[in-house]
Structures are given as C-alpha cells and as structure tokens.
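Summary of the model geometry
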Amino acid sequence: MPNHDIPTRDKPEETVLDIDFVRGQFPGLAHGWTFFDNAGGSQILKRAVERINTFLYDKNVQIGGSYAVSQAAAAALYEARTSAMHLVNASRPEEIVFGSSTTALLQNLARAMTSQLTVGDEIVVTIADHESNIGPWDRLRDAGIIIKFWPLNRDTFALDLADLEPLMSDRTKLVCITHVSNILGSINPVREIADFVHERGARICVDAVAYAPHRAVDVQGLDVDYYVFSLYKTYGPHYALMYGKYVHLLELDTLYHYFYGKDKVPGKLEPGNPNYELAYSTCGIVDYLCELGEKSGETGSIRDKIVAAYGAIATQENALVDRLLGYLRGRNDCRIIGQSSNRDGNRIPTISFVFDGRDSAEICKAMDAHRIAIRFGDFHSRRLAQYLDLTENNGMVRVSMVHYNTVEEIDRMTIALDNILGSTGRTETTAA
Ligand SMILES: Cc1ncc(COP(=O)(O)O)c(C=O)c1O
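Rules and cut-offs
Residues numbered from 1 in each chain as written. Predicted model: local features only at pLDDT ≥ 70, side-chain atom pairs only at ≥ 80, totals over all residues. Heavy atoms only, no water. Buried < 20%, exposed > 50% of the residue type's maximum accessible area, 1.4 Å probe, protein only. Helix = DSSP H or I, 4+ residues; strand = E, 2+ residues; numbered from the N terminus. Pairing = 2+ DSSP bridges. Near = heavy atom within 4 Å. Polar contact = N/O pair within 3.5 Å; in protein donor to acceptor, adjacent residues only side chain to side chain. Areas by Shrake-Rupley, 256 points an atom, 1.4 Å probe, with all protein chains shown as cover. 1 Å grid on protein atoms, 1.4 Å probe; cavity = no way out; pocket = protein on both sides within 12 Å on 5 of 7 lines; lining within 4 Å. Sits in = over half its atoms within 2 Å of the grid points. Points joined across faces, edges and corners; volume = space filled by probe spheres on them. Nonpolar A, V, L, I, M, F, W, Y, C, P; charged D, E, K, R; others polar. Domains from an automatic or database assignment. Expected span 1.5 Å × (residues − 1). Axes fitted to C-alpha atoms, helices over the stretch in contact; angles between N-to-C directions. Contact = heavy atoms within 4.5 Å. Buried area = accessible area lost by both parts, 1.4 Å probe. Salt bridge = Lys/Arg side-chain N within 4 Å of Asp/Glu carboxyl O.

Comments concerning the pairing of strand β13 (residues 396-400)
Of all five residues in β13, five are buried, a share of seventy percent or more. Neither face of β13 is exposed, since Met 396, Arg 398 and Ser 400 on one face and Val 397 and Val 399 on the opposite face are all buried. For strand β10 (residues 350-355) and β13, the ladder comprises four bridges, and the chain directions are antiparallel. If you follow Ile 351 over to β13, its bridge partner there is Val 399.

As structure tokens, then:
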C-alpha cells in the first residue's frame, strides 16, 4: 500500500515567509502563469533588473580607465563579487569567477587545469550529474585522463561512499558531484564527500545549480574546492558564477592573454572580461535575501540575513514538497523518481515522476492550456535517465518549485492532473 501520510519533520520550522512580499518582488509572476519549471529557470527579481539597468545607464564603460566613470564601473564589479562572496560565504571577493553559464564555467575550469593533469591521472564523475559536470571532464579522455563513473544506488537514489571508495586511487585528482540532482531533488552530503575526497588527496568540484535557489550556500562550511551555479535559476539573469579556493585559482592556467599571469585571479579566468551588468545583478539578489532575512527578524550581518532568508525559504518549500508528494503518493499510477517523502527536510521542491503507460510530453502539453508551466524529458541529465531506464515515453514529468510558489498553485495543478489523467488513478484524497 502506498503511504499517503503527509510527513512531519523532527523540528518544525518557525519562520514563516511573507508570501505577498515575496511574490511582489518578481514582476513575471503578475501575468497569471503558474511557473513550475524553476529548475529550468526562475523568475528574475525586479531589483536584479534594476541593477542591470543602473549599470547600463550610469556606468557603461570599460573598467581600468583613470576617469571617474570607469572607476565607478570597476567599483560596481567589485561590489558584485563582494555580494557573491556573501552569497556563498567565500573568504574573499577574488574567489568569485563570473561566466556566461555553469556549462561554460565548467568547460573553462577543465581547460584551465590542463597543466595540472598528466596522462594516467584520474577524475571521478557521477552518473547522477547534469551533463555540464560530466562532459567537460569526459572530454579529457582525449588527453589521456582516465574518467570513472560513481554509480547511484538505484533503491535509495543515494551516492554511497562505499561505491566511491574503490574508484579512488593515488592518481585521482578530482571528484565531480552534484549538490542536488535536477531530477532526484535530494541534497547530497557534500561536506562528508569533500572530507572523504580530501583525505585521499583529491579535490572536489560541485555543481550547485539545483541547490543554490533553495538553501544557503556555505562553501567554507562545505570545504569544497570548486563550486558552480547559474544565476538565472537563482532569481537573476542568464549568467553564472564559480567559487574556487583562492590557492587553487592561483594554480589554474590563464584562459586570457599571455600577459595575464597566474597571479591575475580571477581575471585570468574571465577571458574578454565578465559581463559587468549581469554580474552587477548579483547585488540585487543579495539585497533581496537580506530584506527577506530582516523580515524573519534577523538584524545581524549580511551573511546572517542570507542564512535567515533561506531558513524562511526552506519552510515554504517544505510545505510545497509535502503537498505535492502527498498527492503523488496518493495515486496508484504514479512512480516518483527520487525519495517519496521529505521526513528529514532533505528534499528540495524539484519533483520528477512518471505515470504508468502515459507519455510525459502529452501531460505537460495538456497542462499548457491551464497556464501551468511544467517540463518533460531528461533535463540534460541524460546519463541518469538512461541509467534509471527512464527514456521511454518522453522521459519524466518534472515539477520544480521555488519559494514564491504556493500550495494553492499546487492544488490547481493537481486538479488539472486529475482531469488529464482521470481520477481513477487516485486512491485517496490527500489534502493536508
Ligand atoms: C543541475 C544543473 N547543472 C547544470 C546546468 C547547466 O546550467 P547552465 O545552463 O548555466 O549551463 C543545469 C541547467 O539546467 C542544471 O540543472
């Protein structure tokens, strides 16, 4: 029998999100659509757009000049790096590298490691990752680097250290993992994995694209070496950032002109300059999180406010996860791809599933008419979809929410789903 209970976590969260305030910050939410494709891309904050405009209207010159506007542009870029430093809890702004996308940053990182790697060195990647954190490493096979795949436990959907152990050798240089799979939605124990990897003399590179919109990032607490995510899924524009430990960034090869020496961090890793205005939008994201933190009663540092904001975000998101998982567990024709409950609060609101014998594309397209945006496919985690045998029937349906979504929106979607699928698949009403 499926378990229909709405799970409770050990510690009930206390911080409640001011949802009217939150939704008012995202102009894109005013047009009547329910956006449940946030793992594809979130709505952008008004204040992130305002930062972009401010840069373009008031400071749109090249940095490095002696004149006042150029100095102001350089200050804005530095402010952007400083905001990003607070956002991820880096130890200095120079540990932030901006880039056009997570994919591009990881490709750049692989390229910038060329002189560190020699034939026979080994890199471990996981089968659970988005292709962005597999492909750039896999291509290093051409240079004689050995690539090993860390498999996923098919029963628990976990990456077990016991499966990593035999893959590690004294030639292992790097282990590349995802903080959260954009299909499975549960948070991997990054600190534990980082310790394991470091004890064996290797470094760790984390794709945090599916994590950063949902929980406070703490690169120092996690002790990661490289950590990358996309701003367009974290309430900003189409842009991305990579954190790297300063000492590691110093070691990387330059991707810029030859006269950008090894010490030119992070500039040597941003060939042709970062996009100033998009980088500057980071300040708007952090301003928003600080205000959210203040609304939760936090009066301390920027970092304290960011952490408090994500506490409130987690509360809202847990309610969303419980609601949707409760509905899906209540259908006898549905298979949830990932953990089917959130008892430990370890699940972010990215939820993938399939319905028996149904085409996932048809379900999503039928949902379009309800102005509810969801997505089907493998979400560029193709190797995981193949590994889990989920490539038939146009892959999976994915509902990916963030804190601006509401329980009411989920209920509207599940009513629409009942209409599309027929309510015969429903074994029990699971309203909270
Ligand atoms: C988990 C994950 N990693 C990486 C990426 C790629 O990000 P970008 O589009 O910035 O290259 C995505 C995009 O969907 C993703 O979901």
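A look at the site of the ligand
Every residue close to the ligand is listed here: Ser 101, Thr 102, Thr 103, His 130, Ser 132, Asn 182, Asp 207, Val 209, Ser 230, Tyr 232 and Lys 233. Note that an oxygen atom of the ligand is positioned 2.5 Å from one of the side-chain N or O atoms of Lys 233. Coverage of the ligand by the protein amounts to 89% of the 390 Å² it exposes when considered alone. Of all the cavities here, the one that holds the ligand is the largest pocket.

Considerations on the layout of surface pockets
In this approach, a probe sized like a water molecule rolls over the atoms, and the result shows the empty space that is left. The volume enclosed by the largest pocket comes to roughly 610 Å³. Lining the largest pocket are 39 residues, and of these His 130, Asn 182, Lys 233, Phe 379 and His 380 sit closest to its centre. Listed by contribution, the elements that provide at least two residues to the lining of the largest pocket are α4 (102-112), α5 (135-138), β12 (375-377) and β13. Of the residues belonging to the lining of the largest pocket, the class tally is twelve nonpolar, 19 polar and eight charged. Of the domains in this structure, domain 1 (19-46 + 314-422) and domain 2 (47-286) are the two that each give at least three residues to the lining of the largest pocket. Taken as a whole, the second largest pocket encloses approximately 390 Å³ of empty space. Around the second largest pocket, the lining comprises 18 residues; the ones closest to its centre are Ile 63, Leu 77, Arg 81, Pro 266 and Gly 267.

Quick look at the pairing of strand β8 (residues 240-244)
With five of five residues buried, β8 lies mostly within the body of the structure. For strand β2 (residues 96-99) and β8, the ladder comprises four bridges, and the chain directions are antiparallel. Counted as the bridge partner of Ile 96 is Tyr 243 from β8. Inspection of the sheet shows strand β7 (residues 226-230) paired to β8 by five bridges, in the antiparallel sense. Bridged to Phe 229 within β8 is Leu 241.

What to know about helix α3 (residues 68-88)
Taking 1.5 Å per residue, 21 residues should reach 30 Å; α3 reaches 30 Å between its end C-alpha atoms and fits that length. Turning to α3, its buried residues are Ser 70, Ala 73, Ala 76, Leu 77, Ala 80, Arg 81, Ser 83, Ala 84, Met 85, Leu 87 and Val 88. Among the residues trailing α3, Asn 89 stands out with phi positive, at a value near 60°.

Structural notes on the sheet that holds β8
The pairing of strands in a sheet happens through backbone hydrogen bonds and is either parallel or antiparallel. Read across the open sheet, the seven strands follow the order β2-β8-β7-β6-β5-β3-β4; overall the sheet is mixed. The sheet terminates laterally at β2 and β4 (146-150), the two strands that pair on one side only. Across the sheet, the axes of successive neighbouring strands diverge by a mean angle of 20°, strand direction being ignored.

Looking at the domain arrangement of the chain
Partitioning the chain into domains gives domain 1 (19-46 + 314-422) and domain 2 (47-286). Contacts between the two partners involve 39 residues from domain 1, matched on the other side by 37 residues from domain 2. Both sides together, the interface formed by domain 1 and domain 2 hides about 3300 Å², and carbon and sulfur atoms give 53% of it. Our enumeration of links across domain 1 and domain 2 arrives at four salt bridges. We note a salt bridge from Lys 46 to Glu 50, for which the minimum N-O separation is 2.8 Å. Scanning the region where domain 1 abuts domain 2 turns up 26 residue pairs in polar contact (both at pLDDT 80 or more). Listed by contribution, the elements that provide at least two residues to the side of domain 1 that touches domain 2 are α11 (302-329), β10, α13 (382-387) and β13. Counted by class, the side of domain 1 that touches domain 2 contains 17 nonpolar, 16 polar and six charged residues.

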